[in-house]
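Report on the structure
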Amino acid sequence: MKSLFSIFLLALSAGTVSAAQVHHQIARADGSAIHYTLDAPVGESRGLLVLAQGSGCQPAAASVNLATVRAAFGGFTALIVEKAGVGPGDAGDNGDVDCPQEFYDRYTLSQRVDDYEQVLSHLAAEGPVPKIVLFGGSEGGLAMEALAARIHPDAAILLSGSVGGTFGEMVLSTVPQEGQASVRAGFAAARANPDGTMLSGHTYRFWADILDHRSSDYLEASESPFLLIYGGRDDAPVQPVRGLADRFAEQGRCNLTYWEFPGLDHGMADPAGTSRMADIALLAAAWAEAPLAAC
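A quick note: this is a predicted structure, and the numbers were derived from the prediction, not measured.

**A word on the side chain of Asn 255**
Within the secondary structure layout, Asn 255 lies in the loop between helix 10 (239–250) and strand 10 (256–261). There is a polar contact of 3.2 Å between the side chain of Asn 255 and the backbone oxygen of Ser 222. Discounting residues that sit within four places of it in the chain, Asn 255 has contacts with Ser 222, Glu 223, Ser 224, Pro 225, Phe 226 and Phe 248.

What follows is the structure, given as structure tokens:
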């Protein structure tokens, strides 16, 4: 088995390829627009890199982290599908308080996964794709897990995702004991009335939809190779992620690889605040070239 160091050297030797973003849109069944961006390399594309950012309503096409990941996969065409109600040229959010009203009206995790699947079906109708790699961070990781269970990609890379229990259980694990009753009450209110008010910057509809999504259900539903990347300083505990990796190994399932970087946080920054995202992306890109069996 290759060491992470040897993978890193391989990634460095690959280099990057210049590309240009082109924005497109297609219609949902109700006529509303799905905005997506394709970023093709110069020359022949080696596959499709499907990117998904985390929470919030900032246009993903302008995400610095996604651009960093895209650069590590220079030979691939990158695909970004914007969240419902968001266009690639929008101004973006300001602490989740300036999101477009259509985002609040429409956005749920399930809608996001449906939109990605619709765009991929649209692209497939234009011609076959030699290789599909999914890459999602945080909430986007959960979206890519759900998508992987539907389309069974060639590889999926999940960064700082809510792995282990349900999304609701992950959120509760980050809340101090004295605040959990209030959060549970908010969750219950969202389930009872999804058309109700707001909770922590999201609509009740969003919470009612996402609470019961369970990463392990999606991972177990596909034989695609998965790479889980987690920082030891993440706000969410690492124990559930380790437990999931252990369970896959005990079951003799070799399609899940787990990398833990003890000194990095949720956004892959070190204790000094320096982002290591570019290094992590290069490692992940090299892994995706020939996914390593976990056992």
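**Re the state of the cysteines**
Scanning the model with the defined rule gives 1 disulfide in all. In this model Cys 57 forms its disulfide with Cys 99; the gap between the sulfur atoms is 2.2 Å. Classification of the bridge connecting Cys 57 and Cys 99 rests on its S-S torsion, roughly -90 degrees, and on that basis the disulfide is left-handed. Here Cys 99 lies in the loop between strand 4 (77–81) and helix 3 (101–106) and Cys 57 lies in the loop between strand 3 (48–52) and helix 2 (64–72), a separation of 42 residues in the sequence. The class for Cys 57 is buried, based on a relative accessible area of 2%.

**Examining the environment of Ala 72**
For Ala 72, the location among the structural elements is in helix 2. When its relative accessible area of 12% is taken as the criterion, Ala 72 is described as buried. Through-space distance from the C-alpha of Ala 72 to that of Ala 286 is 8.8 Å; in sequence the pair is 214 residues apart.

About the thresholds
- Residues numbered from 1 in each chain as written.
- Predicted model: local features only at pLDDT ≥ 70, side-chain atom pairs only at ≥ 80, totals over all residues.
- Heavy atoms only, no water.
- Helix = DSSP H or I, 4+ residues; strand = E, 2+ residues; numbered from the N terminus.
- Polar contact = N/O pair within 3.5 Å; in protein donor to acceptor, adjacent residues only side chain to side chain.
- Contact = heavy atoms within 4.5 Å.
- Disulfide = S-S within 2.5 Å.
- Buried < 20%, exposed > 50% of the residue type's maximum accessible area, 1.4 Å probe, protein only.

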